[in-house]
Amino acid sequence: MAILLCRVDDRLIHGQVVVGWGSQLGLDFLVVVDDELSASEWEQDLYRAGLPDDIEARFPDVEAAIREFPDWKASAQRGFVLTRDLATMRRLAEGGALAEVEINIGGLHDAPGRRRILPYLFLGDEDREELLRFQRAGSAVSAQDLPGARKIKLEELLNLASG
Amino acid sequence: MSDEVQGILVGHGKLAEGMLDAVQEITGLGEGLVTLDNEGLTPEALEERLGQLAGDQPSVVFVDLPSGSCAFAARRLRHRQANVAVVCGVNLPLLLDFIFHRTLPLDEIIARLRTHVGVSIEYTTDGDSPVPGR
């Protein structure tokens, strides 16, 4: 499988993704799935400007990502898929793109209505609802900021979010 | 608004604070250089704080990693403000040069910094080298 990481992280492309995960798993391309970003060329250029030359970045909207996901999985190159929130990743899952793919939650930070669950994870009621939707759909979801960190599975996350 | 250029040092963990500490240790100076770390901040919050620090003042934003969240926040600020420059891969010689020349116009500061971005790597297996095998 050529999609090695499917990650929810509000920072999208950043150091932990490119260096922390990328250098350990190998990384040829990054796919940022985001309806807003897919329509903003200057923001895409901004992200590309920060990447090493040998890493390609793509910025599809959710619909295009659902269509193209099988090609990324079949590719000989190694890629990561990123979304900035749980809802976008859930839409990918509902579109059938994420069958047999584990979803990594790597960073959702403090915002009004959210509370701290882990140092890199702040969740509010909406986020908890999204996690419950993943649970009902039987999706494999866990939180883990870096490859060497403990992986926290969905059930434990929901317990923490309820506490 | 001041026309004097300020430096904003943004990094992962405590890098910014640590580098400012090193600048102060070496020069006794630190005025005109402020720090921000990205810990626990959303991209929006990081960009907002960076914008508050910059204000309308000409600024050089020094960041550590070109592909890091600090660099992306700085590039967003630069997209909005032409009097902001972004320097990735910050190191101590760059900061020291900035501190001693920050009364120059922004363009001249950047021209100076461009000549100081090289990394000095001292290692050779050549026995004639003044620093053999170091």
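In case you missed it, the structure is sitting above this.
From a predicted model like this one, the values you see are computed outputs, not experimental measurements.

J.: Please give an account of the overall build of chain B that cites residues and values.
T.: Each helix and strand in chain B was counted, giving five helices and four strands. Secondary structure elements in chain B, listed N-terminal to C-terminal, are β-α-β-α-β-α-β-α-α. Oriented by its inertia axes, the alpha-carbon framework of chain B measures out at about 55 × 35 × 25 Å. Considering chain B as a whole, with its 134 residues, one finds that 34% of them fall into the buried category. In chain B, once contacts between residues fewer than 6 apart in sequence are set aside, the share between residues at least 24 apart is 60%.

J.: Hey, could you go over the interface of chain A and chain B for me, with residue numbers and the actual values?
T.: At the junction of the two partners, chain A supplies 16 residues and chain B supplies 15 residues. Of all the secondary structure elements, the ones that give two or more residues to the side of chain A that touches chain B are helix 1 (15-25) and helix 3 (41-49) of chain A. It is helix 3 of chain A that provides the largest number of residues to the side of chain A that touches chain B, a total of four residues.

J.: Could you give me a rundown of the pairing of strand 6 (residues 115-118) of chain A, with the residues and numbers involved?
T.: Strand residues, when the strand is regular, have side chains that alternate between the two faces of the sheet. Residue and element names in this part refer to chain A. Alignment of strand 6 against strand 7 (residues 121-123), held across three bridges, turns out to be antiparallel. Its bridge partner lying in strand 7, Arg116 is registered against Phe122. Where strand 6 hands over to strand 7, the hairpin turn is made up of two residues, counted between the paired strands.

J.: I'd love a proper account of the environment of Leu25 of chain A, names of residues and values included.
T.: Residues and elements named next belong to chain A. Within the secondary structure, Leu25 is located in helix 1. Taking the C-alpha atoms as reference, Leu25 lies 9.8 Å from Phe80; in sequence the two are 55 residues apart. When sequence neighbours within four positions are dropped, the list of residues in contact with Leu25 reads Leu4, Leu5 and Arg78.

J.: Residue-level account of the sheet that holds strand 2 (residues 29-32) of chain A, with values.
T.: All names here are of chain A. The strand order across the open sheet formed by seven strands is 3-2-4-1-5-8-9, and the pairing between neighbours is mixed. Strands at the two margins of the open sheet, each flanked by one partner only, are strand 3 (56-58) and strand 9 (152-153). Direction of pairing for strand 8 (residues 141-143) relative to strand 9: antiparallel, over a ladder of two bridges. Paired with Ser142 across the strands is Lys153, a residue of strand 9. Sheet contacts for helix 1: strand 1 (3-9), strand 4 (79-83) and strand 5 (103-107); angle to strand 1, the most-contacted strand, approximately 160°.

J.: So what about unusual backbone geometry? Which residues, and what values?
T.: All names here are of chain A. Backbone geometry at Leu12 places phi at a positive 55°, although glycine is not the residue there. Position of Leu12 relative to the elements: it lies in the loop between strand 1 and helix 1. One non-glycine residue, Glu100, lies in positive phi territory at about 65°. Structurally, Glu100 is set in the loop between helix 5 (86-94) and strand 5. By C-beta crowding, Glu100 is classed as exposed, having 7 other C-beta atoms within 10 Å.

Rules used in this analysis
- Residues numbered from 1 in each chain as written.
- Chains lettered and ligands numbered in written order.
- Predicted model: local features only at pLDDT ≥ 70, side-chain atom pairs only at ≥ 80, totals over all residues.
- Helix = DSSP H or I, 4+ residues; strand = E, 2+ residues; numbered from the N terminus.
- Buried ≥ 20, exposed ≤ 12 C-beta atoms within 10 Å, placed from the backbone.
- Contact = placed C-beta atoms within 7 Å.
- Pairing = 2+ DSSP bridges.
- Axes fitted to C-alpha atoms, helices over the stretch in contact; angles between N-to-C directions.

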